[in-house]
Amino acid sequence: MKQNRTEILPNVFLTYLAAKKFKTGYLSAQFVTPLRRETASMNALLPAVLHRGSMGYPDMEQLSAAMDRLYGAQIDYTVRKKGETQCVGFVASVIDDSFVPRDERLLEPTAALLGELLLDPVTRGGRFLNEYVDSEKNHLIDTIRSIRNDKRDWANLRLIQEMCADEPYGIYCLGDEESAQKINNRKLYEQSREMMRTSRLELFYYGSAEEQRVTDALLSAFSLLSRGVVEPIPLPCRRTAPEKPRIITEEMDVTQGKLSMGFRCGSGDVPALILANLMFGGSSNSKLFLNVREKLSLCYYASSQYARSKGILTVSSGIETKDYDRACHEILRQLQAVQEGQWEDWELSGARSTMLSALRAVQDGQGAAENWYLGQNATGQTETPEELACQIQQVTPERIREAAQSIQLDTVYFLKGKDE
């Protein structure tokens, strides 16, 4: 999968991937901005409001009719956290021209509609429509509140908030309820102008159209983009774990305890850490799954995840409160086994195979590929899936042990029932 990334306007970058195997073309436009507590909720609300319509199509009915005329094109808004950046914008999917009668071209009008939603939103008196803002704000607040309903996600979020309390990484991608409550149509419109003027814009295309045609379509669609001094995107900061891990215990109405553990990874050997994580808890053949969950029955679930852009590894598990000490001890014992190279050949080969399969799958999905390259571009990484796969194949057991030994416990978060 060959990709080409070019700067087509000042601080506007196009990542182009050519493929004829899809029946659709996939477009994305994402503003990448530093993740900040004071703007996170407004930035998260913005694409939802923009998605309500443009000056040319001022309501959902007219916008839907416009997409129907493009043979059912789809445009959805997105809010994502990549490293310590917030990425907000739209993704669009439209049928490939080869499947349309009369040689009709659909890329150009779809790109134009994408640009219109972002740059020419429906306004009244220099503000967004109050009814649109209030409706989407209520939905955003409901979404922020709803994460408490999934106690597993809530525990993982609280772990990161405590572990990275004074870092941008600790901010939830949707912001917080208190900040969202304060948003009005005037503040949101001002923030939208500021974000589009000072934020980097990442464009993406994956489909069969020639690169120059895609470039021309997007240049036309975003010709009215007003640019000022674009704020540089800082790379995610990496910190070391404290000498003594932080222990946080909170209570909620839960019947099953949620134990989340956060580790700092000091090694820069990303491919080795990826494999170390997969053997530790990142797959169904991992030590956490086979030993802590299946063999010892200490956890209802147990898995780990490695955020390579930030150098953080987290463990998520569900346990009985009475098993807290045993579960903590056993999770750390399984990590120690990886650090000491106590694994069988099939564990390493299984981890390597799992990662290689995941990387191959990236190029088979347009959305997966867009998400990959957005993450790479937003966090200063450059490897393609194929390049990372090659690196994974070359990792030795010695490198895995050395990289795993840099993993240090930072924070333990435990969510238990109020009556326990």
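Residues numbered from 1 in each chain as written. Predicted model: local features only at pLDDT ≥ 70, side-chain atom pairs only at ≥ 80, totals over all residues. Heavy atoms only, no water.

Chemist: Teacher, can you tell me more about the pairing of strand E12 (residues 312-319) here?
Modeler: Both faces of the sheet carry side chains from a regular strand, because those side chains alternate between them. Within E12, eight of the eight residues are buried, leaving the element largely enclosed by the surrounding structure. Strand direction decides the pairing type here: strand E10 (residues 257-265) and E12, joined by eight bridges, are antiparallel. Each residue of the ladder has a partner; that of leucine 259, found in E12, is serine 317. (Buried < 20%, exposed > 50% of the residue type's maximum accessible area, 1.4 Å probe, protein only. Helix = DSSP H or I, 4+ residues; strand = E, 2+ residues; numbered from the N terminus. Pairing = 2+ DSSP bridges.)

Chemist: Even after reading the chapter, I still don't get the sheet that holds strand E5 (residues 85-95), so can you show me in this structure?
Modeler: Within a beta sheet, neighbouring strands are joined by backbone hydrogen bonds and run either parallel or antiparallel to one another. Reading across the sheet, the six strands line up as E1-E2-E8-E3-E5-E4 and stay open at both edges, with mixed pairing between neighbours. Whereas interior strands pair on both sides, the edge strands pair on one side only; in this sheet they are strand E1 (3-9) and strand E4 (74-82). The average undirected angle you get between the axes of adjacent strands in this sheet is 20 degrees. Docked against the sheet, helix H1 (residues 40-50) engages strand E3 (24-34), E4 and E5, running at close to 15 degrees with respect to E5. Contacting E1, strand E2 (12-18), E3 and strand E8 (200-207), helix H8 (residues 211-221) crosses the sheet at an angle of about 35 degrees to E1. (Axes fitted to C-alpha atoms, helices over the stretch in contact; angles between N-to-C directions. Contact = heavy atoms within 4.5 Å.)

Chemist: Please explain the environment of valine 230 as it appears in this structure.
Modeler: Position of valine 230 among the secondary structure elements: in the loop between H8 and strand E9 (246-252). Valine 230 gets classed as buried once you look at its relative accessible area, which sits at 17%. In this structure valine 230 touches Asn11, Arg197, Thr198, Ser199 and Arg200, once residues within four positions along its chain are discounted.

Chemist: Explain the packing of aromatic side chains here, please?
Modeler: Aromatic ring pairs are reported here in terms of the distance separating the ring centres and the angle at which the planes meet. Summed over all chains, the structure comprises five aromatic pairs. Ring geometry for tyrosine 16 versus tyrosine 205: centroids 6.0 Å apart, planes at 15 degrees, classification stacked. Highlighted residues: tyrosine 16 in strand E2 and tyrosine 205 in strand E8, separated in sequence by 189 residues. You'll find tyrosine 16 and tyrosine 205 in the same group, each marked buried. Taken together, a centroid distance of 4.9 Å and an interplanar angle of 75 degrees make the contact between phenylalanine 22 and tyrosine 206 edge-to-face. Residue phenylalanine 22 is located in the loop between E2 and E3, and its partner tyrosine 206 is located in strand E8; the two are separated by 184 residues in the primary sequence. Of the two residues examined, phenylalanine 22 and tyrosine 206, each falls in the buried class. The structure contains a cluster of three or more aromatic residues connected by ring pairs, namely Phe22, Phe204 and Tyr206. The aromatic ring of phenylalanine 13 is capped on one face by arginine 5, whose charged end is 4.2 Å from the ring centroid. (Phe/Tyr/Trp six-rings, centres within 6.5 Å; stacked < 30°, edge-to-face > 60°. Lys NZ or Arg CZ within 6 Å of the ring centre and 35° of its normal.)

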